[in-house]
Amino acid sequence: AQSVTQLGSHVSVSEGALVLLRCNYSSSVPPYLFWYVQYPNQGLQLLLKYTSAATLVKGINGFEAEFKKSETSFHLTKPSAHMSDAAEYFCAVSGDGNKLVFGAGTILRVKS
Amino acid sequence: DTAVSQTPKYLVTQMGNDKSIKCEQNLGHDTMYWYKQDSKKFLKIMFSYNNKELIINETVPNRFSPKSPDKAHLNLHINSLELGDSAVYFCASKGWGDKGTEAFFGQGTRLTVV
């Protein structure tokens, strides 16, 4: 069975600083991995996805993630945080039955 | 046009009542899901339907009954509501077969049982 672990339930950065949100996965088959963002009282919006085409994936709003098979990781980064990036971020892996299995989420706070 | 729409957005009801949440997608997807997001924001799949057929039922109490009249709709009916059912329920849809395609989510229904 597939699973995802997000390290750090809360991450706080200053505006303009590097954002790093960690995600490690477990999968017995080559994984498909996703990062979603959830703003308060809203649904989930796709930031980016890894589908084996390229290990460095660029997404919306300046985010990117690198797939590292040796580390079973898919960490999300952004070079310079903006106040509007404050939200909750979910890493997910495509699992059995075509479902998405989510991590517990990481709340990103951006300080001015 | 909203790709995945849920109604209602908020639902406050008393224990013991029966309620329904509706979901519709206009993306032409074959697969639809219900996810539950608890107070700690953890997202857990409840059901998955592919072209009106139940694919996944993740040990959800049988008070919860999904119904898919066609592949564009997946409704969730809940009988005898309990306090622990309070959560945000998300509907989602996805193309079938390709695990690399993303799921599209509705805005959620915040259910509060009092």
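The structure we're discussing is the one just above.
None of these values were measured; they are calculated from a predicted model. (Residues numbered from 1 in each chain as written. Chains lettered and ligands numbered in written order. Predicted model: local features only at pLDDT ≥ 70, side-chain atom pairs only at ≥ 80, totals over all residues. Heavy atoms only, no water.)

### Focus on the interface of chain A and chain B
Often, the extent of an interface is quoted as the loss of accessible area on bringing the components together. Tallying the contact residues gives 23 residues for chain A and 28 residues for chain B. Where chain A abuts chain B, roughly 2000 Å² becomes buried across the two surfaces, and 51% of that area is made up of carbon and sulfur atoms. It is Asn98(A), Lys99(A) and Phe102(A) that lose the most area in chain A upon contact with chain B, and together they represent 29% of the buried surface on that side. Between the two partners, chain A and chain B, sit 3 salt bridges. When the shortest N-O distance is used, the salt bridge between Glu102(B) and Lys49(A) registers 2.8 Å. (Contact = heavy atoms within 4.5 Å. Buried area = accessible area lost by both parts, 1.4 Å probe. Salt bridge = Lys/Arg side-chain N within 4 Å of Asp/Glu carboxyl O.)

### Quick look at unusual backbone geometry
With an omega of -5°, the peptide bond between Thr7(B) and Pro8(B) qualifies as cis. Tracing the backbone shows Pro8(B) in the loop between strand 1 (4-7) and strand 2 (10-13). For Asn41(A), which is not glycine, the phi dihedral falls at a positive 60°. Mapped onto the elements of the fold, Asn41(A) is located in the loop between strand 4 (33-38) and strand 5 (44-50). The phi angle at Asn61(A) is positive, at roughly 60°, despite the residue not being glycine. Considering the arrangement of structural elements, one finds Asn61(A) in the loop between strand 6 (56-58) and strand 7 (64-68). Classification of Asn61(A) by relative accessible area gives partly exposed; the value is 42%. (Helix = DSSP H or I, 4+ residues; strand = E, 2+ residues; numbered from the N terminus. Buried < 20%, exposed > 50% of the residue type's maximum accessible area, 1.4 Å probe, protein only.)

### Examining the environment of Gly97(A)
Along the polypeptide, Gly97(A) turns up in the loop between strand 9 (87-94) and strand 10 (100-102). Here Gly97(A) falls in the partly exposed class, since its relative accessible area comes to 29%. Dropping the residues within four chain positions of it, Gly97(A) is found in contact with Ser48(B), Ile55(B), Ile56(B) and Trp96(B).

### Here's the deal with the sheet that holds strand 3 (residues 19-26) of chain A
Residue and element names in this part refer to chain A. One open sheet holds the 5 strands; their spatial order is 1-3-8-7-6, and the pairing between them is antiparallel. The sheet terminates laterally at strand 1 (3-7) and strand 6, the two strands that pair on one side only. Strand after strand, the sheet turns through a mean of 20° between neighbouring axes, direction not considered. The pairing of strand 3 with strand 8 (residues 73-78) spans 4 bridges and is antiparallel. Bridging across to strand 8, Leu-20 finds its partner in Thr-77. (Pairing = 2+ DSSP bridges. Axes fitted to C-alpha atoms, helices over the stretch in contact; angles between N-to-C directions.)

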